[in-house]
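Inside the fold
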Number of protein chains: 2
Amino acid sequence: MKYLEDVIRNNGKVLPGDILKVDSFLNHQINIEIMNEIGKEFANIFKDTNPDKILTIETSGVAIAYATSQHLNNQPVVYAKKDAHFNMSSNCYECKEKSYTKGIDYNVKVSKEYLNKGEKILIIDDFLANGEALNALLTICKEAEVEVLGIGIVIAKMYQPGYERILKMHDNLHILAKVKSMSNDGSIEFE
Amino acid sequence: MKYLEDVIRNNGKVLPGDILKVDSFLNHQINIEIMNEIGKEFANIFKDTNPDKILTIETSGVAIAYATSQHLNNQPVVYAKKDAHFNMSSNCYECKEKSYTKGIDYNVKVSKEYLNKGEKILIIDDFLANGEALNALLTICKEAEVEVLGIGIVIAKMYQPGYERILKMHDNLHILAKVKSMSNDGSIEFE
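Residue positions are counted from 1 within each chain, in the order its sequence is given. The lettering of chains begins at A and the numbering of ligands begins at 1, in the order of writing. Where totals are concerned, whole chains, interfaces and linings use all residues; where local detail is concerned, this predicted model gives features only for residues with pLDDT of at least 70, and gives and counts side-chain atom pairs only at 80 or more. With hydrogens and water stripped out, all remaining heavy atoms of the structure feed into the side-chain values.

1. Remarks on helix 4 (residues 132-144) of chain B
Residue and element names in this part refer to chain B.
- Helix numbering and strand numbering both begin at the N terminus, where a helix is a DSSP run of H or I of at least 4 residues and a strand a DSSP run of E of at least 2. Expected helix span is taken as 1.5 Å per residue step, with the number of steps being one fewer than the number of residues. Here helix 4 spans 18 Å end to end across 13 residues, near enough to the 18 Å set by a 1.5 Å rise per residue.
- Whether a residue is buried, partly exposed or exposed follows from its accessible area with a 1.4 Å probe, protein chains only, as a fraction of its type maximum: under 20%, in between, or over 50%, in that order. When you tally the buried positions in helix 4, you get ten out of 13 residues, the bulk of the element.
- Within the sequence span of helix 4, burial applies to Glu132, Ala133, Leu134, Asn135, Ala136, Leu137, Leu138, Ile140, Cys141 and Ala144.
- Just downstream of helix 4 lies Glu145, where phi reads positive at about 55°.

This is the structure we're talking about:
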């Protein structure tokens, strides 16, 4: 998605530690117009899949899934929660996620009330690096016996293991901006 | 907001421990149509304030602030983060928040890049009970020297101290559904 590559080049920052900082528009401050274009693009990619629900993971996936739903068919968005939420039903699907950026483990949870056996699910998230969050979501979907129709990711670092790992688990995987390399001078190359 | 009171009566659940569970449409599964109505209502309430940005707090505030922005003027939505986020700039406004529902303390953070002195801010969040999250956001706004134009909250438990506490800090406080009482049989009374 050329538009998004330009947005990332103009608004993203490459930080030491192989970090691509996009929090000026994607995951701390949200630019509504950009999010809307992202949602439109995912809706176009997945328009023939006809999902019952969109599944994402807190926090940065929420606005993206929301925008996508608005351009599809206003399907409910379910967001997986990280960590133990005290007033969440104990009746949850759970999976461990190792976060490399934050250096800690999360417990990813989705209430059994909101994933019903046989439902058709579209998974949407912001980043794919090592694939830990997506692995957790796919594991939960398998346990819940829902059908994953596709996976849409805004940005993937293609030189990290996540893309190949997730592709082996699910082949209808779409990435809007495929980062081929980033250098310390701030330049970003896309595939 | 009569519409929302009906939604809460039909879809909310009263759980032991004075918990109003609305995660079937508001804060785990998101109902896009309901969120859209909430956004429309906030936009109508605050249409003359003309904010530069909408500030909320992760995770449940994000979709509400997003929907509100879409019905106002597509202002950027900034969401405060809870806890220490490893790859977030150390250049942050911070405030401690005590969460009664989760029994733990959070560090509420907003990057200094996304609150600029003199900006006009609308604060949007899902719940007001003890007012801890709003207190943290207002404290951060004061430190950032931004001007808070108004506060919009979806649901407040009016019998808890938060409403009076926050009203003393900021008087343009609007609540869409004011819960007067809840009983163990599941009935909910609104003001």
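2. Description of the pairing of strand 8 (residues 120-128) of chain B
Residue and element names in this part refer to chain B.
- Where burial is concerned, most of strand 8 is hidden: seven out of the nine residues are buried.
- Across three bridges, strand 4 (residues 53-57) lies against strand 8 in parallel orientation. The partner of Ile54 across the bridge, within strand 8, is Leu122.
- Strands are treated as partners if at least two bridges between them are detected by DSSP. Taken together, the eight bridges between strand 8 and strand 9 (residues 147-157) define a ladder with parallel strand orientation. Along strand 9, the bridge assignment pairs Lys120 with Glu147.
- Look down the strands so they point away from you; if the path from the first strand over the helix to the second goes clockwise, the crossover is right-handed. Between strand 8 and its parallel partner strand 9, the chain crosses via helix 4, and the hand of that crossover is right-handed.

3. Comments concerning the packing of aromatic side chains
- Aromatic rings from Phe, Tyr and Trp, with only the six-membered ring used for Trp, were paired whenever their centres fell within 6.5 Å, and each pair was classed as stacked if the ring planes differed by under 30 degrees, edge-to-face if by over 60, and tilted otherwise. Applying the stated criterion across every chain yields a total of three aromatic pairs over all chains.
- Residues Tyr66 of chain A and Tyr66 of chain B carry aromatic rings whose centres are separated by 5.3 Å and whose planes lie at 70° to one another, so their mutual orientation is edge-to-face. One end of the pair, Tyr66 of chain A, is in helix 3 (residues 61-71); the other, Tyr66 of chain B, is in helix 3 (residues 61-71), on a second chain.
- The ring of Tyr106 of chain A has Lys82 of chain A lying over it, and the distance from NZ or CZ to the ring centre is 5.0 Å. Over a ring means this: the NZ of a Lys or the CZ of an Arg is within 6 Å of the ring centre and within 35 degrees of the ring normal.

4. Considerations on the relation of the copies chain A and chain B
- The fit set for superposing copies consists of C-alpha atoms from residues with pLDDT of at least 70 in both; the fit itself is least squares. When chain A is brought onto chain B, the operation consists of a screw motion whose angular component is 180° and whose axial shift is 0.0 Å, with 0.0 Å RMSD remaining. Expressed as a symmetry operation, the mapping of one chain copy onto the other fits a two-fold axis. When C-alpha positions in chain A are compared against the rotation axis, the closest is assigned to Thr59 of chain A, at 2.7 Å.
- A symmetric contact is evident, with 100% of the interface residues of chain A recurring at the interface of chain B. Working rule for contacts: check all heavy atoms of both residues, and any pair within 4.5 Å makes them a contact.

5. Topic: helix 1 (residues 2-11) of chain B
All names here are of chain B.
- Regarding helix 1, the residues found buried are Leu4, Glu5, Val7 and Ile8. Taken down its axis, helix 1 places every buried residue within 160° of arc, on the same side. Exposed and facing more than 90 degrees away from the buried side of helix 1 are Lys2 and Asn10.
- In the core, the buried residues of helix 1 are packed alongside strand 2 (19-21), helix 2 (32-45), strand 9, strand 10 (173-182) and strand 11 (188-190). Directions pointing from the helix axis toward each C-beta atom define the arc.

None of the figures reported here should be taken as evidence of function without further support.
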